[in-house]
Amino acid sequence: MASVSVFLTLLFFLFSLINSSSAARLLASSVDGEQPLLMEYHKGPLLSGLTAVNLIWYGKFTPTQRAIVADFISSFSIRPRQSRQSTVSSWWQTTHKYYNHLSTPRPSSPPLSLALKSQRLDDSYSLGKSLRMKHIVRLSSNGAQKNSINIVLTASDVTVDGFCMSRCGAHGSSRWGLQQGKFAYIWVGNSDSQCPGTCAWPFHQPPYGPQTPPLVAPNNDVGVDGMIINIASLLAGTVTNPFSNGYFQGPAEAPLEAASACTGIYGKGAYPGYPGELLVDSTTGASYNALGDNGRKYLLPALFDPSTSKCSIFV
């Protein structure tokens, strides 16, 4: 199981205190002579073909909060009416490069295409408000399990093992059906009342490192806008390393994946405590780097580009 690691985020800030190499400098090795980070392929399958994304809401979420996330997922599917406005699908193109770099090409596999399929509400807290990962897997199995990614989203008053302490979310796989096939799942928590400085940075001041003013959240919801960052990161990790034997660097139990290899980088010139140059809404002052469905604005993480061995900056 891979996670959006809190430790990586904290290290990103701590490095700035001792003037050590940031993630951006580590990847830009041609400047300071270091070895570039290489995303190793471990021979396993990647997700391909039309893949449904199913949202499983656990706990209390407002209709507006659900719409922010649903519009983000819908933005992955390019449709004529929004193709000129949405840039989320363009940000996602970096993940397609991983398929081009497979050591064993699979020409018979259709290209990956994500589409929002279903949403399930569990606002009665059927498993209580204190969950373990086995509960997350159980909740994820409530969604369709073939050709699907099931995303479990826990409300701000739900605690999950390791949440805020070692991770902001995680992705993994589980078994389904008589043939024991695998399906992929993601879990992300709303950190608004528990650890926004850790899991919703840069929309809240961090617990460590430079205390620069937080950015204005593009959808005016620190918790949910932070969830978008983590959902985006884990989606990239899920499709490129769905079963812990795809693309990653380091140990399988704590891998650096397509997005986690670029922790804390959102725009050009990013360094510890500074997310980089971003677009700013002239009316609200909100910072963002991508446009989504229904005119939504989002802040999305940089993705590691396997063709350049550097973090790909979207704006």
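Structure shown above.
As the structure is a prediction and not an experimental result, all values here were calculated from the model. (Residues numbered from 1 in each chain as written. Predicted model: local features only at pLDDT ≥ 70, side-chain atom pairs only at ≥ 80, totals over all residues. Heavy atoms only, no water.)

Visitor: Is there a simple way to think about the packing of aromatic side chains in this case?
Guide: Centre-to-centre distance and the angle between the planes together describe a pair of aromatic rings. Applying the stated criterion across every chain yields a total of 12 aromatic pairs. Ring geometry for Trp57 versus Phe61: centroids 4.8 Å apart, planes at 65°, classification edge-to-face. Accessibility assignment for this pair places Trp57 and Phe61 in one class, buried. For the ring pair Tyr98 and Tyr247, a centre distance of 5.0 Å and an interplane angle of 80° mean the geometry is edge-to-face. Of this pair, Tyr98 sits in helix H5 (residues 88-100) while Tyr247 sits in strand S10 (residues 247-248), placing them 149 residues apart in sequence. For Tyr98, a relative accessible area of 1% translates into the label buried. Residue classification places Tyr247 among the buried positions, given a relative accessible area of 3%. Aromatic rings pair up to connect Phe72, Phe76, Trp91, Trp92 and Tyr298 into one cluster. The ring of Tyr125 is capped by Lys129, whose NZ or CZ atom sits 4.6 Å from the centre of that ring. It is Lys297 that lies over the ring of Tyr288; its NZ or CZ is 5.5 Å from the centre. (Phe/Tyr/Trp six-rings, centres within 6.5 Å; stacked < 30°, edge-to-face > 60°. Buried < 20%, exposed > 50% of the residue type's maximum accessible area, 1.4 Å probe, protein only. Helix = DSSP H or I, 4+ residues; strand = E, 2+ residues; numbered from the N terminus. Lys NZ or Arg CZ within 6 Å of the ring centre and 35° of its normal.)

Visitor: What's the story with the pairing of strand S6 (residues 148-154) in this structure? I'm lost.
Guide: Note on strand geometry: in a regular strand, side chains alternate between the two faces of the sheet. Burial within S6 is extensive, with seven of its seven residues counted as buried. Covered by surrounding structure in S6 are Ser148, Asn150, Val152 and Thr154 together with Ile149, Ile151 and Leu153, the residues of both alternating faces. Bridge analysis of strand S3 (residues 50-58) against S6 gives seven bridges, and the strand direction is parallel. Counterpart to Trp57 in the pairing with S6 is Leu153. (Pairing = 2+ DSSP bridges.)

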